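# Commentary on secondary and tertiary structure
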Amino acid sequence: MLTRLGVLLVALTAPWVFHGEGKVPPFLERWKQWDFWHFDHIARNGYFDPNWEDPVEAFFPGLPMLMRLGHLLGVPSVVAGLAVSFLAGGVAAVALARLADLEWGEGAGRRAALMWMVAPPAIFLAAPYTESLFLGFAIPAWLAARRGHWGVATVLAAGASSVRVSGLFLALALVVEFLTSPKRREWINGLWLIVPFVPLLAYMTYLRIRTGDWLRWYHAQEEGWYRGFTAPHEAFLHTWSAATGRLKFANVTDAMQANFEWMFRAELVAMVVGLVVTAVLLALRRWSEATWIGVQVAAFASSYWFFSVPRATLLWFPLWIGLGALAVRWVWVWRAYLMLAVPLFGVWAAAYVTGRWSG
């Protein structure tokens with residue numbers, strides 16, 4: 001609740017300081033940034049509105065369906081999205097704390113949850129985006145799997161699969177967890193592992209019927225967001241050019257050019273974090289967690305450039321659990337993290353609510 005109050009204070013004050021020319025937008029308008037417009041459009045008009053140019057099939061239907069429900073009840077889409085993120089984020093925070101305590105002992109959970117909630121890009125846990133809703137399913141799913149409750153785990157993972165394509169990576173990681181778990185397994189429970197793939201297959205079938213393309217969601221990402229397959233070294237060079245100013249974005253101000261450059265630098269840092277965490281998990285023989293993060297890192301590394309990786313770090317719950325465990329063992333880790341992360345959290349939140357690109 002206190003972290004959400006911090007976000008509220010930034011959302012209330014930042015536009016008055018950084019709004020530039022013109023009037024300061026009303027409070028709810030400040031949350032209508034970037035991908036929100038795609039979720040809102042799907043909620044109100046569906047996927048195939050001829051008057052909408054962007055290929056919105058790239059976005060999975062979980063969050064737009066809930067926003068649509070709010071719309072039918074007379075609740076504005078932005079309010080419905082904020083409410084979903086608030087409630088799902090609370091569920092995810094509790095589940096993350098319980099998972100960390102289960103893995104590393106009492107005390108790790110509270111630290112892991114707080115470090116996650118004040119992470120630099122954590123504004124996306126409050127904004128009407130998919131991160132909180134996805135994690136509200138995904139972390140409880142992982143907790144259930146670690147406890148050996150495979151039916152519950154896979155049904156929750158199916159919910160996650162309806163929200164983001166990351167649900168596919170979660171399903172693969174759950175398969176690895178099932179195969180490598182030290183707990184005694186009833187192999188018949190392995191049939192549950194089919195369930196998380198069902199929403200993905202259903203969405204692909206829907207797109208196949210409407211467009212004739214089973215992979216329309218992927219091709220839409222390729223068309224609208226440069227997600228097409230690229231060799232990793234080329235993806236790195238493209239990102240490096242954007243981060244160092246060698247790439248000049250068309251029709252943007254100097255301030256926006258600098259904004260993009262700083263965010264691409266954050267993309268590079270986030271990729272290094274992903275590679276390091278994956279390597280550590282492999283060294284610790286935590287195969288399923290390494291799969292969960294490693295497959296995502298590989299996907300980001302093979303796009304045209306590294307894109308939205310800082311946001312994706314919010315999904316990497318083994319990272320936050322590991323930081324929580326280190327913070328219990330060494331108090332300086334706890335203090336150093338908070339002193340560095342909280343100011344960046346404020347800057348990132350201010351960037352989002354004032355319409356700057358925030359990854």
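Please refer to the structure higher up on the page.
Residues numbered from 1 in each chain as written. Predicted model: local features only at pLDDT ≥ 70, side-chain atom pairs only at ≥ 80, totals over all residues. Heavy atoms only, no water.

### Comments concerning the environment of Arg356
Mapping Arg356 onto the fold places it in the segment after helix 16 (331–353). Of the residues examined, Arg356 reaches a relative accessible area of 31% and is grouped as partly exposed. Along the chain, Arg356 and Pro61 lie 295 residues apart, while their C-alpha atoms are 26 Å from each other. With sequence-adjacent residues up to four places away left out, Arg356 is seen in contact with Phe18, Trp34, Asn259 and Ala351. (Helix = DSSP H or I, 4+ residues; strand = E, 2+ residues; numbered from the N terminus. Buried < 20%, exposed > 50% of the residue type's maximum accessible area, 1.4 Å probe, protein only. Contact = heavy atoms within 4.5 Å.)

### Regarding helix 4 (residues 77–104)
Compared with an ideal rise of 1.5 Å per residue, which puts 28 residues at 40 Å, helix 4 spans 39 Å between its outermost C-alpha atoms and is within 8% of the ideal. Following helix 4 by one or two positions, Gly105 has its phi on the positive side, about 100°. (Expected span 1.5 Å × (residues − 1).)

### Some details on unusual backbone geometry
Most of the time, phi is negative for any residue but glycine, and the peptide bond is trans. For Asn251, which is not glycine, the phi dihedral falls at a positive 60°. Within the fold, Asn251 resides in the loop between helix 11 (232–244) and helix 12 (254–283). The exposure class assigned to Asn251 is exposed, which follows from its relative accessible area of 83%. The phi torsion at Ser308 lies on the positive side, around 70°, for a residue other than glycine. Residue position: Ser308 is located in the loop between helix 13 (287–301) and helix 14 (309–313).

### Remarks on the side chain of Thr3
For Thr3, the position within the fold is in helix 1 (residues 2–18). At 3.2 Å, the side chain of Thr3 forms a polar contact with the side chain of Arg4. When near neighbours in sequence (up to four residues on either side) are disregarded, Thr3 contacts Leu114, Met117 and Val118. (Polar contact = N/O pair within 3.5 Å; in protein donor to acceptor, adjacent residues only side chain to side chain.)

### Quick look at the pattern of salt bridges
With the rule as written, the count across this model stands at 12 salt bridges. Across the salt bridge formed by Arg44 and Asp40, the nearest N and O atoms sit 2.9 Å from each other. Taken together, the residues span about one helical turn, with Arg44 and Asp40 both in helix 2 (residues 36–45) at a distance of four residues. Note on Arg44: relative accessible area 37%, which makes it partly exposed. We classify Asp40 as buried; its relative accessible area is 7%. Arg216 serves as the salt-bridge partner of Glu223, at 2.7 Å between the closest nitrogen and oxygen. Under the relative-accessibility criterion, Arg216 is labelled buried at 14%. A single network of salt bridges, built from pairs that share partners, joins Glu103, Arg146, Glu177, Arg286 and Glu289. (Salt bridge = Lys/Arg side-chain N within 4 Å of Asp/Glu carboxyl O.)

### Some remarks on the packing of helix 4 against helix 15 (residues 317–329)
Packing of helix 4 against helix 15 brings their axes to within 10 Å, and their N-to-C directions diverge by 60°. Considered as vectors, helix 4 and helix 15 are oriented oblique to each other. Both helix 4 and helix 15 take part in a crossing whose hand is right-handed. Where helix 4 abuts helix 15, its residues Leu96, Leu99, Ala100, Glu103 and Trp104 lie against Phe317, Trp320, Ile321 and Ala325. In the contact of helix 4 with helix 15, the residues fall into eight nonpolar, no polar and one charged. (Axes fitted to C-alpha atoms, helices over the stretch in contact; angles between N-to-C directions. Parallel < 35°, antiparallel > 145°, perpendicular 65-115°, else oblique. Left-handed = near helix turned anticlockwise from the far one by under 90°. Nonpolar A, V, L, I, M, F, W, Y, C, P; charged D, E, K, R; others polar.)

### Observations regarding the layout of surface pockets
Estimates place the volume of the largest pocket at around 1,200 Å³. Secondary-structure elements contributing two or more residues to the lining of the largest pocket are helix 8 (166–180), helix 9 (197–211), helix 10 (216–225), helix 12, helix 13 and helix 14. Among the residues forming the lining of the largest pocket, the class breakdown is 29 nonpolar, 10 polar and four charged. One number sums up the size of the second largest pocket: a volume of about 940 Å³. Lining the second largest pocket are 30 residues; nearest its centre among them are Pro120, Pro121, Ala266, Leu344 and Trp348. (1 Å grid on protein atoms, 1.4 Å probe; cavity = no way out; pocket = protein on both sides within 12 Å on 5 of 7 lines; lining within 4 Å. Points joined across faces, edges and corners; volume = space filled by probe spheres on them.)

### Side note on the packing of aromatic side chains
Applying the stated criterion across every chain, the model contains 33 aromatic pairs. When the centroid spacing of 5.1 Å and the interplanar angle of 85° are considered together, the rings of Trp150 and Phe178 count as edge-to-face. With Trp150 in helix 7 (residues 150–161) and Phe178 in helix 8, this pair connects stretches of sequence that are 28 residues apart. Judged on exposure class, the residue Trp150 and its partner Phe178 are both buried. For the pair Trp292 and Phe317, a centre-to-centre distance of 5.9 Å together with 25° between the ring planes defines the contact as stacked. Here Trp292 is found in helix 13, whereas its partner Phe317 is found in helix 15, with 25 residues between them in sequence. A network of ring pairs unites the aromatic residues Trp34, Tyr226, Phe249, Phe260, Phe264, Tyr304, Trp305, Phe307 and Trp357 as a single cluster. In this structure, Arg265 is placed above the aromatic ring of Trp262, and the distance from its NZ or CZ to the ring centre is 4.5 Å. The ring of Phe124 has Arg311 sitting right over it, with the charged end atom 5.1 Å from the ring centre. (Phe/Tyr/Trp six-rings, centres within 6.5 Å; stacked < 30°, edge-to-face > 60°. Lys NZ or Arg CZ within 6 Å of the ring centre and 35° of its normal.)

Purely geometric numbers; function is a separate question.
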